[in-house]
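# Observations on the model geometry
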Amino acid sequence: MSTVVETHDHEGHHGPAKGLTRWLFTTNHKDIGTLYLWLSFTMLFVGGAMAMVIRAELFQPGLQIVQPEFFNQMTTNHGLIMVFGVIMPAFVGFANWMIPMQIGAPDMALPRLNNLSFWLLPMAFGILVSTLFMPEGGPNFGWTFYAPLSTTYAPSTVNFFIFSVHIMGISSILGSINIITTIFNMRAPGMTLMKMPLFVWGWLITAYLLIAVMPVLAGVVTMMLMDINFGTSFFNAAGGGDPVLFQHVFWFFGHPEVYIMILPAFGIVSHIIETFSRKPIFGYSSMVYAMASIAILSFVVWAHHMFTVGMPLAGELFFMYATMLIAIPTGVKVFNWVATMFRGSISFETPMLFAIAFVALFTIGGFSGLMLAIVPADFQYHDTYFVVAHFHYVLVPGSLFALIAGAYYWLPKWTGNMYDETLGKLHFWLTFISVNITFFPMHFVGLAGMPRRYPDYALQFADFNMLISMGAFLFGVTQLLFLFIVIKTIRGGKKATSEVWEGTRDLGLEWTLDSPPPHHTFTVQPQVK
Amino acid sequence: MSDQPYHIPESSKLPFAMAVTLLVLIIGAANTVIDLGTDSNSYLILFLAFAMMWTTMFFWFRQVIHENQAGLNNPMLKDSYVYGMAWFIFSEVMFFFAFFFALAYIRNFAVPWLGGEGEKGITNMLWPGFEATWPLMMTPDQAIFEGPKEDMSLNTAYSHGGLAGVLGWLPLWNTIFLLTSSLTVHIAHLGLKNGNRTQFNVWLGMTLVLGYLFVIFQGLEYYEAYSHMGLTLNTGIYGTTFFMLTGFHGFHVCLGAIILTVMLLRSLNGHFTADDHFGFEAGSWYWHFVDVVWVCLVAFVYVM
Amino acid sequence: MTYIKKLLPKLFLVLPLLLPVAAKSAEQSDYNMPVGVTEVSSSIFGLHMLILWVCVVIGVIVFSIMFWSLWKYRKSKGAVAADFDDNFWLEIGWTVAATLVLVWMAVPSTQVMVKAYDDSEGEVNIMITGHQWKWHYEYMEDQVSFFSNLSTSQEQIDNKIPKGEFYLQEVDEPLVIPVNTKVRFLITANDVIHSWWVPDFAVKQDAIPGFINTAWTNVPEAGIYRGACTELCGIKHAYMPVVVRVVEQEEFDAFIAQKVSLAEEEKMLTSKVWSKEELMERGESFYATNCSACHQANGKGIPPVFPALEGNQVVLSDSTKQIEILMEGIQGSAMQAFGKSYSEVDIAAVITYTRQAWSNGENGDGVIITPKDIVDYKNKIDL
Ligand code: HEA
Ligand code: HEA
Ligand code: CUA
Ligand SMILES: [Cu+2]
């Protein structure tokens, strides 16, 4: 069996180093996981604060608080930070914590690389955020940075943006290589692929997607860099290029990217639902095949973001059909979750509440996605708040809820302490109510014709925008409660057993470890029957 | 599965140093490109970053090699390196894919449309007189992007004399060099597996010679393009795709050659055994990958 | 508290019921997609309602089963878990069902799409060019063209005066098209990507610099229709609305005739001798509509993005250079070649204005540019 050796020279045998250097130089998957999670949490407040600026400006028509140029920077950085700085690192944090524990490995396969993947992120975001304070301002061309607004017409700080995207890309690629290697190489004896926990499956597929598309993102920003500084003409018709080429390459990355933000969530939610339904997940293998199909299909649907750029008819129809197909595997997952709950023995602890809300609200987001996939209808929806409603439904009560649910679910395992259930429930209900007040009316203002990325709007949209903003403020304040709950749990609370939740011992190897788990996760790999 | 333990390295300063290095690198790079054309010295930051990068990489690789030679790596961990390298190469494949994708789109859609062909041919109204050809010698707007005078395809004669005139079509030479070098690196590998150290060193040396010849010829080709053929980065989309694709490839050849050089030096220092030489094997994979990319380049950039 | 605790979960049970209510109330309201006035827009509306209802029905079924299970099998009521974990036929069944539903949606979508995509020539053909941040319309048959700028005042935007009914949805010169006629739009852009959208026609088409996209409409009802730019195009993305006036054929003909004669008058103006005051007056209003977006009404610009014109060296003392900038634009920046789209008179007037306005009158060389200077410049370039 594989055991662990660490080349300790003089330090004591167990436990991490002390002080700051513990965090800077660590090679321990749990420490690195913790770093990722705190980075993500911090960035949630940074990106969330930007959303608050957006919502404050949109509270009423007219310009009140910020000027359009700053508003555009807020929108852009809000999108970038939420996507690359919150959702993705948070899932990598979960991967770091949970994958070795779930597959019975001593640590991640390549621990030093793991540390590098993490520390690249604060560097990249440091640079990105610092551009906001430069005289020309930060990126202001949307998180999708379409050329030529992001090339010829961009502030010169776009160069900092480009290089920070490179760094984020390197970080994701290295992190994914590590995760894939860990999953393929370090499973406990007896754990065949089709016995792997669904979260591990979700991440295996996600890591594959990341390695496939992050280099494409690096490629497209490199093309921008060349167009801006070295006179090439990728995106300039005067030299024979095409601005739309940018969009094709970007969305070839961008669409798989949105599934990167949801597949690990599917895994987390599956575990929570089976735990609190006290019933094994329904249709395990179809769950796996569904995720794999979603991943494969995600490579051939990218142009559904570009239905109005003037593609030939055949292209529009192809991308419509391909996109619609994704509803089938996703539907299978939703049906399986419902079937898992059916005839279970269900209790409603906070993680379960968030997971249930995930299933319901993600499905609503999926429905609006399906509507967007219908080309002629998308002519009306495209670039309106209907799209904003769609992607916030899949991202906020989707990915973010799954993250919150996962945090409540595993926090006792991580810290050894139970969180405060009453506060957790309060957090859930406030979040659930405010998220719907915030994002549901966006469907209506979108259909009524309010375009996105507008700092100011016509009078008929005023009422709903005010409602949306109020919901958003409530949502924002509520997350401070979450911060409080997390800190409180870390500092103390009822001690958690190693099983934490009733009956989890059979559900995964992580529940056989102590809470909190020892410094080296499995010094001897367990045998899986 | 072995009973040997899986080596978890103790905490290490190297990754963090690398992260800081990359931070300095992007600060330097961004300032350098912003200040292009002015007489600022922000490129010094960039040089500093390169120095830091070499140092960190040196210590990092040295550490990994020491660990292996100290027998800390069990077979499972060695597999981890194998998986890691394989997936890293996959990521490189996807990076090149982005540029080939761009080329395909430009040739099949953008340029024909600009020239009045296909479903969006009406675009030609904006560019009267522009015709779609490939290689694209006349750009839509000659005032902004003056097209190249000559292209790089098979019939290029290098009529300007000099070394290139004597040698003829350089990509042919380069194809020969690179294909042969894939073979020689394989023979070197066989030698290593059979414990024949001399065979390994000699054939690896030949591989490196071929690799460096490739780089030199590529340089010569660029020199011809810039000085005689009027083909530069700024000559519209043909020059753009040509230089970006061959340039990134050439850059990867250099990287591969450096990796293999290090491997040769290590071999001369007595590293590697017949059944433990993944460092070299990884380098040779990389070399084969670079070779495959070249074949695609010849097909899509030079010939078709 | 305990009462609320008991009640809250029940909220979930009501949720599925809310969906159809929401969908129903949306049907004919201001908060649904507009039915629009064209055949295409109403068939898209029909499609939208179809897919919306399909989703609502599926949602109600799925959520009802889910919430009912949560209720029925809750542990607090002593439910004991079964332990099945798959059912082959059930899984096949719902996969097939979902596929069929999708096919059912795909068929009408394809039909509507094919109808919307016809791009044969129209009876009237209009070239639409997106500029930062205004639209340019050119009637291709009649050599008539003009810009369409936002006409809402800055005071309204800054909340200094009450906002009008069509706040941000009004322009100085709307696009005018004839009723019951197939109009084709050729859409392109001058700088960055914009997108031209009129919801009531269900026409939304990106304007890509260097490329032409086509779209068409055939409006059966005269009236005023309002839309927007829907692709992020920089600072004033929210301030470049689209307004289309659909009129009877006679009125349209009259409109074109009037535009044609206006253009001729413009030509006459070039040869007229202009006084400084006349130029200043014309220049001021031209500046307000065309320049102040970037360089600001007070000439202070928004440095470092948009340079100040007040106290600017070029404007103070280099009139040749300034003419060149206005005629040719500045490559690779937002400063466009205004000379290509405006008359000599306007260009001369605005140059004169910027050279005299604010403190520039006192500090500069005071050179006055007349339309003749611009004509001379053009002749020089043509050689
Ligand atoms: C987590 C992220 C995430 C996820 C999971 C999805 C999921 C989907 N998205 Fe979304 N999308 C985004 C994030 C995401 N999206 C973002 C960020 C943007 C905007 C980017 C930008 O422009 O800034 C976007 C934009 C976007 C567009 C472009 C809109 C436009 O700009 O005009 C489209 C168009 O097709 C689309 C479609 C879909 C579809 C069909 C799915 C499907 O995967 C959904 C499938 C799920 C279901 C359908 C529900 C469950 C299924 C059932 C219950 C089965 C039965 C149902 C039927 C048979 C109908 N998305
Ligand atoms: C990945 C995830 C993600 C998440 C979690 C969010 C979260 C939120 N988003 Fe985001 N959003 C995007 C991704 C995301 N968004 C993307 C990709 C875009 C497109 C960008 C583009 O167009 O380029 C976008 C665009 C976008 C817009 C459209 C802007 C425009 O088009 O002009 C709006 C408008 O309301 C919005 C609002 C919100 C709100 C209110 C939240 C809330 O959920 C935020 C929650 C808030 C917090 C967690 C704050 C934490 C608390 C504090 C900071 C304390 C202080 C609180 C108070 C003072 C009240 N978002
Ligand atoms: Cu023009 Cu937005
Ligand atoms: Cu997508």
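Definitions and limits used
Residues numbered from 1 in each chain as written. Chains lettered and ligands numbered in written order. Predicted model: local features only at pLDDT ≥ 70, side-chain atom pairs only at ≥ 80, totals over all residues. Heavy atoms only, no water. pLDDT = per-residue confidence, 0-100. Contact = heavy atoms within 4.5 Å. Near = heavy atom within 4 Å. Polar contact = N/O pair within 3.5 Å; in protein donor to acceptor, adjacent residues only side chain to side chain. Helix = DSSP H or I, 4+ residues; strand = E, 2+ residues; numbered from the N terminus. Nonpolar A, V, L, I, M, F, W, Y, C, P; charged D, E, K, R; others polar. Salt bridge = Lys/Arg side-chain N within 4 Å of Asp/Glu carboxyl O. Buried < 20%, exposed > 50% of the residue type's maximum accessible area, 1.4 Å probe, protein only. Donors = N, O, S within 2.8 Å, 3.2 Å for Na, K, Ca; no water. Domains from an automatic or database assignment. Buried area = accessible area lost by both parts, 1.4 Å probe.

Overall, the predicted model of chain A reaches an average pLDDT of 93, with 97% of residues at or above 70. A low-confidence stretch, residues 7-13 of chain A (pLDDT under 50), is modelled with six contacts involving residues beyond four sequence positions or located in other chains.

Moving on to the site of ligand 2. Residue and element names in this part refer to chain A. The environment of ligand 2 is made up of 33 residues, and the closest members are R55, H78, W143, H392 and R453. One of the side-chain nitrogen or oxygen atoms of H78 is found 2.8 Å away from a nitrogen atom of ligand 2. Within the backbone of W143, a nitrogen or oxygen atom sits 2.7 Å from an oxygen atom of ligand 2. Those elements that provide at least two residues to the shell around ligand 2 are helix 2 (29-57), helix 3 (68-103), helix 14 (385-415), helix 15 (421-447) and helix 16 (462-491). The element that contributes the greatest number of residues to the shell around ligand 2 is helix 2, accounting for eight residues. Split into classes, the residues belonging to the shell around ligand 2 amount to 22 nonpolar, eight polar and three charged.

Attention shifts here to the pattern of salt bridges. Counted under the stated rule, the structure contains 16 salt bridges over all chains. For K425 of chain A, the salt bridge is made with E421 of chain A, and the minimal N-O distance between the two is 3.5 Å. Separated by four residues within a single helix, K425 of chain A and E421 of chain A lie in helix 15, roughly one turn from each other. For E421 of chain A, a relative accessible area of 24% translates into the label partly exposed. In this structure, K75 of chain C engages E502 of chain A in a salt bridge whose closest nitrogen and oxygen atoms are separated by 3.2 Å. Separated into two different chains, K75 of chain C in the loop between helix 2 (39-72) and helix 3 (88-116) and E502 of chain A in the segment after helix 16 make up a pair that spans both.

So, about the site of ligand 1. Taken together, 33 residues surround ligand 1, and among them W143, Y259, D378, H382 and H390 of chain A come closest. What surrounds ligand 1 is not a single chain but chains A and C. At 2.6 Å from an oxygen atom of ligand 1 is found a side-chain nitrogen or oxygen belonging to Y259 of chain A. A distance of 3.3 Å separates an oxygen atom of ligand 1 from a polar atom in the backbone of A373 of chain A. The residue inventory of the shell around ligand 1, partitioned by class, reads 20 nonpolar, 11 polar and two charged.

Residues and elements named next belong to chain A. Distances from the copper ion (ligand 4) to its protein donors, namely H255 (ND1), H304 (NE2) and H305 (NE2), fall within the range 1.8 to 2.1 Å. In terms of primary sequence, the donors binding the copper ion (ligand 4) are separated according to H-x48-H-H. Taken as a pair, the copper ion (ligand 4) and the iron atom of ligand 1 show a spacing of 4.5 Å. Taken together, the residues span a long stretch of sequence, with H255 in helix 7 (residues 243-260) and H304 in the loop between helix 9 (284-297) and helix 10 (313-325) at a distance of 49 residues. Take H255 and H304: they sit in the same class, and that class is buried.

All names here are of chain B. By the assigned domains, chain B splits into domain 1 (1-73) and domain 2 (85-303). A separation of 27 Å is found between the C-alpha centroids of domain 1 and domain 2. Taken residue by residue, the interface counts four residues in domain 1 and four residues in domain 2. Between domain 1 and domain 2, the buried area comes to about 320 Å², and carbon and sulfur atoms account for 53% of it. The interface formed by domain 1 and domain 2 includes one residue pair in polar contact (both at pLDDT 80 or more). Among the residues forming the side of domain 1 that touches domain 2, the class breakdown is two nonpolar, two polar and no charged.

Residues and elements named next belong to chain A. One can find V387 in helix 14. V387 sits in the buried class, given a relative accessible area of 13%. Considering only alpha carbons, one finds V387 and L481, 94 residues apart in sequence, at a separation of 29 Å.

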